[in-house]
Every structure is written in C-alpha cells, then in structure tokens.
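Residues per chain are reported as follows:
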Amino acid sequence: MELFSFDLYLQGLQFFTNPMMFVSSFLGVLVGIVFGALPGLTATMTIAVFIPFTFGLSPVIAFAFLLGLYTGSVYGGSISAILINIPGTPSAIATGFDGYPMCQQGRAGEAIGISTIASTFGGLFSVIILSFAAPFVASFALKFSAEEYVGITLIGLSVIAIISEGSTLKGLIGGVLGLTIGIVGLDPITSFARFYMGRAELLDGINSIPVMIGAYGLSEMFLQISDVKHNIVVEQTIGKLLPPWKELKRIPGTVFRSSIIGVLIGALPAAGGSIASLVAYGQEKRFGRRKELLGTGIVEGIAAPEASNNASTGGALIPMLTLGIPGDAMTAVLMGGLIIQGLRPGPLLFQQQMPFVSSIFLSLLLSVLFMLLLGLFGARVFAKLISFPKRYLIPAIMVFSLVGSYAIKNSMFDVWVLLIAGFVGFILRKLSFSIAPIILGMILGPLFESNLRRALMLSKGDWSTFIDRPISLSCLIIVVLVLVGPWLMKKTRILFALKKGGR
Amino acid sequence: MTEKKKDLISSIGVLGFAGILYQAAKGLPTRKSVSVVLNTGFYPQMLAIILAVLAVLLLISSLTKKTDSRESEKFFKNRESLGLFLLTLLLLVLFPLGMELLGFIVTCFAFILTMVLLLTGRFHRNVPLSIVVSLGITLLIYGVFKLLLGIPFPSGILF
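Attention now goes to the overall build of chain B. When helices and strands are counted, chain B shows 5 helices and 0 strands. Its C-alpha atoms give chain B a radius of gyration of 24 Å, more than 25% over the compact-globule value 15 Å for 159 residues. Relative to its full complement of 159 residues, chain B shows a buried share of 38%. Summed over its atoms, the accessible surface of chain B is roughly 8,900 Å², and 70% of this surface lies on carbon and sulfur atoms. Both charge centroids of chain B, one from 15 positive and one from 7 negative side chains, sit 6 Å from each other.

Okay, structure coming up:
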C-alpha cells in the first residue's frame, strides 16, 4: 500500500462534485448539534437513531451525513454543559467545570465561542492525523493474523469495561453479553444454525442496528419517563460570542496539547471522547499556566476538554477503519452504518475502497468546517433548544426509532427486535449496567469468534498459540494490565499508607 | 434500590442466563471425530462459562459490599411514572400491530398524539396545539421515509 502520497488523499475529491455531499454533511452537523445540545440525548444515541436515514443513499453520501452527525453531536454536547451544567453528551462532562461558572458570570456566549474555536482546532488536527496515520496502521494491520485480532478485540472489551459507568465486573459481563448476541444465526465455521428459534430472519444473526437504536434510543426515552425527566424545562440567554483578544491568545498552547491527548486517547480501542476530555482537563490542571483558577470559569478550562473531545473523533476512527475495531461506542454505531452499506472496515478497505476511505477524510474535514460556521452563527438558536419541550421530543424519537428499524429491511421483525432491545436495555441501565460494552461486544462478536476459532483450528486446539506470537502476547499483557492494573495500584497505595501509618 | 441489591439481582440473573445458554449449547450437534473447536456448541459454551464465572465474582463482591442507603434510588420515581412507563410500553407494542391493521399515517398520528397528551400532564394540556404538533411530526416522518427514502409502509385498511 502506498503511504503519504497526496494522490491517496485526493481520490475522494471526485465525490465532492455532487452537491449532495455538502448538503448531507451540513444536515448531519446541524442535526448532530441540535441533538447533542439536548440534555440526555447522547451522541451515540443520535447516530443510532439516524442511521436508517442513510438507507438508499450511496455510501459516500451516507457517511458524509453520519460523520457530520458524529462531529456535530460531540460539539453540541458542550452547549448544554455550558448553559445549564448538564452535559448534552458524556464527552462534554469536563466542559461544564469551567463553562458553567463562566455562564454564571454572564459570559455564556464567550464560553460557547471558545468551545467552538477549540472544537474546530481539535477536529482539524484529528483529520490530519487520521488521514496520515490510518493508511500506515492499515498497512501494518495487513500482517495481523487471527491471534492478533483476538488480542486487539480483548483489549477493546477490557478497556471499555474499565472506563464505562458502573463496576468493571458489570462492564465485562456487558461485553460478554454483547458477544452472546453475536452467536445467534449460522455458525461461521460449520454453518449450522444456532439459537434461531425457527425464525428465518435470525439465520443471518440479530440485526445490530435495531439493537443499537433500542439499547441507546428507546431505553433513554424509558429512562426519561421513569425518572420524570420529561417535565424539566430550563432557559438561558447568551450574549456576545467571541471573548476579547487577551483571552483568546491564552488558549493556543492548551488547545494544541489537548488535541494531541484527544487523538491519542481516541485511537486507543474503546477509549473515547469522555476519557479524552477528562484527561485533557486533568493535564491542564497539572501543567496549565493558570491551573489554580481552573473551575472558576476560565477559557483554558473550556478549550482543553473541547479540543480534546473533538480531536478524539478522528482518533477513534483510526482503529475502526484500519482494524475493524471501533475506537468507542459512537464509532461502534458508525461501524454498523458502514456494514449496512455493504462495506467491511479493516485493512482491506484501504486496498479495495481507497476512494471511499479518501472521501471519509474529506467529509470529516468538511463537517469540522460546517461545525465552525454553525457554531458561531447558530449558537443563539441552539441555546434555545435546551428549552425544547420533551413531551414532543420523546414521542418523535420513539417513532423515528420504530420506523427506522422497520426501514432497514422493511421487516416488522426488526421492530420487535427494537422493542425487546429497548426494554432489556432499560432494565440493564436501571441495574447500573453500561450499554457501551454490550454494543461493542455485539459488533466485535463475529470478528472475535471467527478469529478465535480459526486460530485454534490451525493450532489444533493448542491455546498457547496466543502467547507464541509477540504481537498477540503483547495484546494479552495489555489486557491483564488494563484489568488488574487499577486494582494492583489501589492495593499498593493502601499498603504504603499502612506502612506510613505504622511508623 | 441500593447498588448492593442491584448487583445481587444482576449476578443471579446472569448466572441463570449462563446456565440456560450452556444447556442450550449442549444440545447443538457434536462430532467426536473432530477438534472441539469445530463443534457448533464450543463457542456458546465457552461464553456461558465466562459469564458464569463473572456472575459468581459479582455475587461474591455484592455479598461482601456494605449497604449504603444514601445511594438508594427507586426503580421508578413515583407511581405515576410507573403508570406512564407501562402505558408507553403498551402503546409501543400496539404500534407495529396498528401499522399493519390501520396503516402507517393513522397509527403514527394516534401514537404521537396519545404520547404527547400523556407526557403533558392533566393540568397543562393544550389539545389543539398537541394535534398540530403531532400531525406535523407524522407528516415529517412520512415525508422523509416514504417520499424521500421510498420505504414501503404497510397501508392497512386506512392509509
């Protein structure tokens, strides 16, 4: 595979002679910001609910829309975090730490302005890194065998189990439950039908899109109803959008540092924008020039998490596109959107569909630019959205989910899958399970099973094949470190504290 | 419900599921002459065992966990929210049935209007506005999915 050739990056330009590329990207960003700004509606849910809108569109146009949604919703989450201290999406949690105090000082508009500028820089930075790193990683991944894929999948599942809400054990159970969803249908090795309950629709496995829409979209609506959140209405007004120059010139260093953090964390399998933004804020607290003022409403406190969470978008696309392993829950859902277009992410995508991959780089770039424009010129309108009555929104999202699930294959069966997934998702969330590991497990299930069994078949059932290969062994060591590391560190700290106390 | 109680319920539920999965996987065809990996039941059984182990670990950790009543939260905030949830569930189950019987537009409009009225609460209802908004959302969804994306909805006896 040819690397770092400009030709590689220009192959996607041909698609941009079609105005629909611009329209779908713009609409994606617009819808993404709107839904991202609404408290309680996560970016992952937004992408899951809107995937059915891309049926019938060509893969490039569909993905321009989905990437617009992705970029827009990650950015949109900051608006409600700043205005009402409720992050629209989990990746905007850290934005509220300084965004809300700034809003209370009557500088809400400036906070949104800083968030827009930092997000744009983070987004642009991530596009550049993605477009250069992805072909390199893909060419490296071509050398991977079944053992390595098993190892990387396990890293993804263990990282998401650690970082998702609730206990690690529940995260791991969620991941295995997700893998279990993947066993319905034909056995990839023997082609024998498993657990299909006599339904022909299940021979190809459970359709992942209705499961994702149900687990994220419908279950969220159930939660809003059960917790009586549908009655909450809040209002905020914003003033001027750009802070004075003396404030603006404080952020370039913060933004650059946070963008690097965002891309790196985003590129780790399963670690996404929420971790990236918290780590970037944490780094600002350690190394920032005005670290003692963080939390009181300063521009650096908004710039750090926002640059980082938007930089993680391109980073998270690297493992998804090159290895077929999503970087976080949002990219897991995006991957679902790619699969229904008949495209299988992985290193071969770069060999066989390079113009499409190239169009992804350009679409992401375009969506960042639309985000800047919409963020600066539409901030006042988006601020009004947080007071949009949920009594209209909840039924609308429910019908979108129902109709969207039906529209995948024009099958009522998928609607029932959606309803079951929504109900089960609601019960699991009430029991403090996180949905992200389940979805990641479900998406990775077929890849994990086929590679695990292929490796074991070739080794004649000898499990040591996974530790004989250096890359595979390294992956397994990382898995152990990820799972046992926090526990070991905690125990060591207690031991040191006891020793100190004993002196 | 406290976190301890949630963990207890979760571990028992997952353990039960793992048991059923293991038993069901046992029923899948097995050939003695080939490697165990080639058997259809191998992978589901492996997952069932992993799930069971994790469920037991969760059970142990929940039994050793101290009960903290401060973290207790109700499954449903109040009786009305439980009622609203059950009604929503019923409406959602009726939606696909109604779509096949009455057609998409009628079912969609009826569902949205009922939900809007239910969510508004008895004292703040504005029926004309609710009808207009419900009709607007119905037409928007119909326009996008039927006219723009060409999805063939079941027409039923109405439309």
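Having seen it, we continue.
For the rest of this paragraph, the subject is the packing of aromatic side chains. A full pass over the atoms with the stated rule returns 22 aromatic pairs over all chains. Taking the centre distance of 5.3 Å and the plane angle of 80° together, the rings of Phe 26 of chain A and Phe 370 of chain A count as edge-to-face. Residue Phe 26 of chain A is found in helix H2 (residues 19-37), and its partner Phe 370 of chain A is found in helix H16 (residues 354-385); the two are separated by 344 residues along the sequence. Centroid distance Phe 423 of chain A to Phe 85 of chain B: 6.5 Å. Interplanar angle 25°. Geometry classified as stacked. Highlighted residues: Phe 423 of chain A in helix H18 (residues 412-430) and Phe 85 of chain B in helix H3 (residues 79-102), drawn from two different chains. In this structure, Lys 170 of chain A packs its charged tip against the face of Phe 433 of chain A, placed 5.4 Å from the ring centre.

What follows concerns the confidence of the model for chain B. Residues and elements named next belong to chain B. The predicted model of chain B has a mean per-residue pLDDT of 86, with 92% of residues at 70 or higher. Mean pLDDT across the elements of chain B bottoms out in helix H5 (residues 127-148) (87) and peaks in helix H2 (residues 42-64) (94). For this predicted complex, the interface confidence reaches an ipTM of 0.92, while the overall pTM sits at 0.80.

Once that is clear, we can look at the packing of helix H9 (residues 208-226) of chain A against helix H14 (residues 329-339) of chain A. All names here are of chain A. At a closest axis distance of 10 Å, the pairing of H9 and H14 adopts a crossing angle of 145°. Handedness of the crossing formed by H9 with H14: left-handed. Contacts between H9 and H14 involve Ile 209, Met 212 and Tyr 216 from the first element and Ala 329, Ala 332, Val 333, Gly 336 and Gly 337 from the second.

This part covers the pattern of salt bridges. Oppositely charged side chains are able to pair whenever their charged atoms sit close together. For the structure shown, the criterion picks out 16 salt bridges over all chains. In this structure, Lys 170 of chain A engages Asp 7 of chain B in a salt bridge whose closest nitrogen and oxygen atoms are separated by 2.6 Å. Taken together, the positions of Lys 170 of chain A in helix H8 (residues 168-181) and Asp 7 of chain B in helix H1 (residues 3-26) put the pair across two chains. Pair check on accessibility: Lys 170 of chain A and Asp 7 of chain B agree, each one buried. With a shortest N-O distance of 3.4 Å, Glu 3 of chain B and Lys 6 of chain B are connected by a salt bridge. With a gap of 3 residues between them, Glu 3 of chain B and Lys 6 of chain B both fall in helix H1, about one helical turn apart. For Lys 6 of chain B, a relative accessible area of 2% puts it in the buried group. Within the structure, one salt-bridge network assembled from shared partners comprises Arg 107, Glu 110, Glu 247, Arg 250, Arg 290 and Glu 300 of chain A.

We now examine helix H6 (residues 108-141) of chain A. A maximum bend of about 30° is found in H6 of chain A at Ala 133 of chain A, where proline Pro 135 of chain A lies one to four positions downstream. Summarising burial for H6 of chain A: 24 of the 34 residues are buried, a large majority.

If you want to describe how two helices pack, look at the angle between their axes and the distance between the axes. The interhelical angle for the contact between helix H17 (residues 390-409) of chain A and H3 of chain B, taken along N-to-C directions, is 40°, at an axis separation of 12 Å. Classed by the angle they form, the pair H17 of chain A and H3 of chain B counts as oblique. The chirality of how H17 of chain A crosses H3 of chain B is right-handed. Across from Met 398, Val 399, Leu 402 and Tyr 406 of chain A in H17 of chain A, the residues of H3 of chain B making contact are Thr 88, Leu 92, Phe 95 and Met 99 of chain B.

Moving on to unusual backbone geometry. With the exception of glycine, the majority of residues adopt a negative phi angle, and the majority of peptide bonds are in the trans configuration. Residues and elements named next belong to chain A. Of note, the phi angle at Phe 195 is positive, near 45°, even though the residue is not glycine. When you line up the elements, Phe 195 lands in the loop between strand S2 (193-194) and H9. Of note, Asn 410 is a non-glycine position whose phi angle comes to about 50°, a positive value.

Our focus in this paragraph is the side chain of Thr 120 of chain B. Residues and elements named next belong to chain B. Tracing the sequence through the fold places Thr 120 in helix H4 (residues 104-120). Looking at Thr 120, the relative accessible area reads 9%, which means it is buried. There is a polar contact of 2.4 Å between the side chain of Thr 120 and the backbone oxygen of Val 116.

Moving on, we get to a nonpolar patch on the surface. Taken together, Trp 416 of chain A together with Leu 87, Leu 90, Val 93, Leu 94 and Leu 97 of chain B make up a surface patch of nonpolar side chains, about 500 Å² in accessible area. Per element, the largest residue contribution to the nonpolar patch is 5 residues, and it comes from H3 of chain B. Tracing the backbone through its elements, the reader meets Leu 94 of chain B in helix H3. Overall, Leu 94 of chain B belongs to the partly exposed group, its relative accessible area being 44%.

What follows covers the environment of Ala 280 of chain A. All names here are of chain A. Looking at the element boundaries, Ala 280 is found in helix H12 (residues 273-287). Since its relative accessible area comes to 1%, Ala 280 is described here as buried. As a C-alpha pair, Ala 280 and Ser 259 span 21 residues in sequence and 8.4 Å in three-dimensional space.

One finds Met 398 of chain A together with Phe 145 of chain B to be the most contacted residues of the largest nonpolar core, which totals 157 residues. With 15 residues, the top contributor of residues to this core is H16 of chain A. In this structure Met 398 of chain A touches Leu 218, Met 221, Phe 222 and Ile 225 of chain A together with Thr 88, Leu 92, Phe 111 and Met 115 of chain B, once residues within four positions along its chain are discounted. Core analysis: the second largest hydrophobic core is formed by 31 residues, Val 176 and Ile 183 of chain A together with Val 37 and Ala 55 of chain B among them.

A word on H2 of chain B. The terminal C-alpha atoms of H2 of chain B lie 33 Å apart, and with 23 residues this matches the ideal 33 Å at 1.5 Å per residue to within 8%. At its buried positions, H2 of chain B is contacted by H8, S2 and helix H19 (435-458) of chain A together with H1 of chain B.

About the thresholds
- Residues numbered from 1 in each chain as written.
- Chains lettered and ligands numbered in written order.
- Predicted model: local features only at pLDDT ≥ 70, side-chain atom pairs only at ≥ 80, totals over all residues.
- Heavy atoms only, no water.
- Helix = DSSP H or I, 4+ residues; strand = E, 2+ residues; numbered from the N terminus.
- Rg over C-alpha atoms; globule rule 2.2 N^0.38 Å.
- Buried < 20%, exposed > 50% of the residue type's maximum accessible area, 1.4 Å probe, protein only.
- Areas by Shrake-Rupley, 256 points an atom, 1.4 Å probe, with all protein chains shown as cover.
- Lys, Arg positive; Asp, Glu negative; His and termini not counted.
- Charge placed at Lys NZ, Arg CZ, Asp CG, Glu CD.
- Phe/Tyr/Trp six-rings, centres within 6.5 Å; stacked < 30°, edge-to-face > 60°.
- Lys NZ or Arg CZ within 6 Å of the ring centre and 35° of its normal.
- pLDDT = per-residue confidence, 0-100.
- Axes fitted to C-alpha atoms, helices over the stretch in contact; angles between N-to-C directions.
- Left-handed = near helix turned anticlockwise from the far one by under 90°.
- Contact = heavy atoms within 4.5 Å.
- Salt bridge = Lys/Arg side-chain N within 4 Å of Asp/Glu carboxyl O.
- Bend = angle between axes of the 7 residues up to and from the residue.
- Parallel < 35°, antiparallel > 145°, perpendicular 65-115°, else oblique.
- Polar contact = N/O pair within 3.5 Å; in protein donor to acceptor, adjacent residues only side chain to side chain.
- Patch = residues over 30% accessible without salt bridge, like charges linked within 9 Å, V, L, I, M, F, W, Y side chains within 5 Å.
- Core = buried A, V, L, I, M, F, W, Y, C linked by side-chain atoms within 4.5 Å.
- Expected span 1.5 Å × (residues − 1).

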